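Listed here are the chains, written in short residue letters.
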Amino acid sequence: MALSSRFADTHARVGILPGWGLSQKLSRAIGIYRAKELSLTGNFLSAEQANDGFAQNFGDGLKTELKFSSERNKSVDSSAIEERRAGIQNRGKQQTS
């Protein structure tokens, strides 16, 4: 059975801090590094991704990460990366002025 659930911490997208215990619960549920990724980017994570790496030993978790990131990165072209980079740089400039 395929899992279709997706999770996200979208607080960063709207500029607010999480409440209701999310800052504590998320890292305990999916691991500190994955929680930081979600909290700082607002990206979505599939249920499969949330459980796969956390339930594995470190070496196997790295292999899982490589598999998912390699598949995803094949669909990203350099112009999309440059567009995102420019947006992030502009947002940073606005935050310091």
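Anything mentioned here points back to the structure above.
Definitions and limits used
- Residues numbered from 1 in each chain as written.
- Predicted model: local features only at pLDDT ≥ 70, side-chain atom pairs only at ≥ 80, totals over all residues.
- Heavy atoms only, no water.
- Core = buried A, V, L, I, M, F, W, Y, C linked by side-chain atoms within 4.5 Å.
- Buried < 20%, exposed > 50% of the residue type's maximum accessible area, 1.4 Å probe, protein only.
- Helix = DSSP H or I, 4+ residues; strand = E, 2+ residues; numbered from the N terminus.
- Contact = heavy atoms within 4.5 Å.
- Salt bridge = Lys/Arg side-chain N within 4 Å of Asp/Glu carboxyl O.
- Arc of directions from axis to C-beta.
- Polar contact = N/O pair within 3.5 Å; in protein donor to acceptor, adjacent residues only side chain to side chain.
- Axes fitted to C-alpha atoms, helices over the stretch in contact; angles between N-to-C directions.
- Parallel < 35°, antiparallel > 145°, perpendicular 65-115°, else oblique.
- Left-handed = near helix turned anticlockwise from the far one by under 90°.
- Nonpolar A, V, L, I, M, F, W, Y, C, P; charged D, E, K, R; others polar.

**A word on the nonpolar core**
Membership of the largest hydrophobic core is limited to five residues, which are Leu 26, Ile 30, Ala 35, Leu 38 and Leu 45. When contributions to this core are tallied by element, the ones reaching two or more residues are α2 (22–30) and α3 (32–41). Beyond its immediate sequence surroundings of up to four residues, Leu 26 is in contact with Asp 9, Gly 31, Ala 35, Leu 38 and Ser 39.

**Some words on the pattern of salt bridges**
If you walk through the whole model with that rule in mind, you get two salt bridges. One salt bridge in this structure joins Glu 37 and Arg 34, with 3.5 Å as the shortest N-O distance. Of the two residues, Glu 37 and Arg 34 are both situated in helix α3; the distance of three residues between them amounts to about one turn of the helix. Given a relative accessible area of 37%, Glu 37 falls into the partly exposed group.

**Here we look at α2**
Of all the positions in α2, only Leu 26, Ser 27 and Ile 30 are classed as buried. Down the axis of α2, the sector holding all buried residues measures 95°, keeping them to one side. Set apart from the buried face of α2 by more than 90 degrees, the exposed residues are Lys 25 and Arg 28. Looking at the residues trailing α2, positive phi occurs at Gly 31, about 100°.

**Description of the side chain of Ser 27**
The residue Ser 27 is located in helix α2 in this model. Overall, Ser 27 belongs to the buried group, its relative accessible area being 16%. Among the polar contacts listed, one links the side chain of Ser 27 to the backbone oxygen of Gln 24, at a separation of 3.4 Å. The contact partners of Ser 27, leaving out residues within four places of it in the chain, are Ile 32 and Ala 35.

**A word on the environment of Gly 42**
Relative to the elements of secondary structure, Gly 42 occurs in the loop between α3 and β2 (44–46). By relative accessible area, which is 0% here, Gly 42 ends up buried. As a C-alpha pair, Gly 42 and Ala 8 span 34 residues in sequence and 6.1 Å in three-dimensional space.

**Description of the packing of α2 against α3**
One can describe the packing of α2 onto α3 by two numbers: an axis separation of 7 Å at closest approach and a directional angle of 130°. If you check the angle between α2 and α3, you find them oblique. Of the two elements, α2 crosses α3, and the hand of that crossing is right-handed. Between α2 and α3, the residues in contact are Leu 26, Ser 27 and Ile 30 and Ile 32, Arg 34, Ala 35, Leu 38 and Ser 39, respectively. Its residues placed into classes, the contact of α2 with α3 shows five nonpolar, two polar and one charged.

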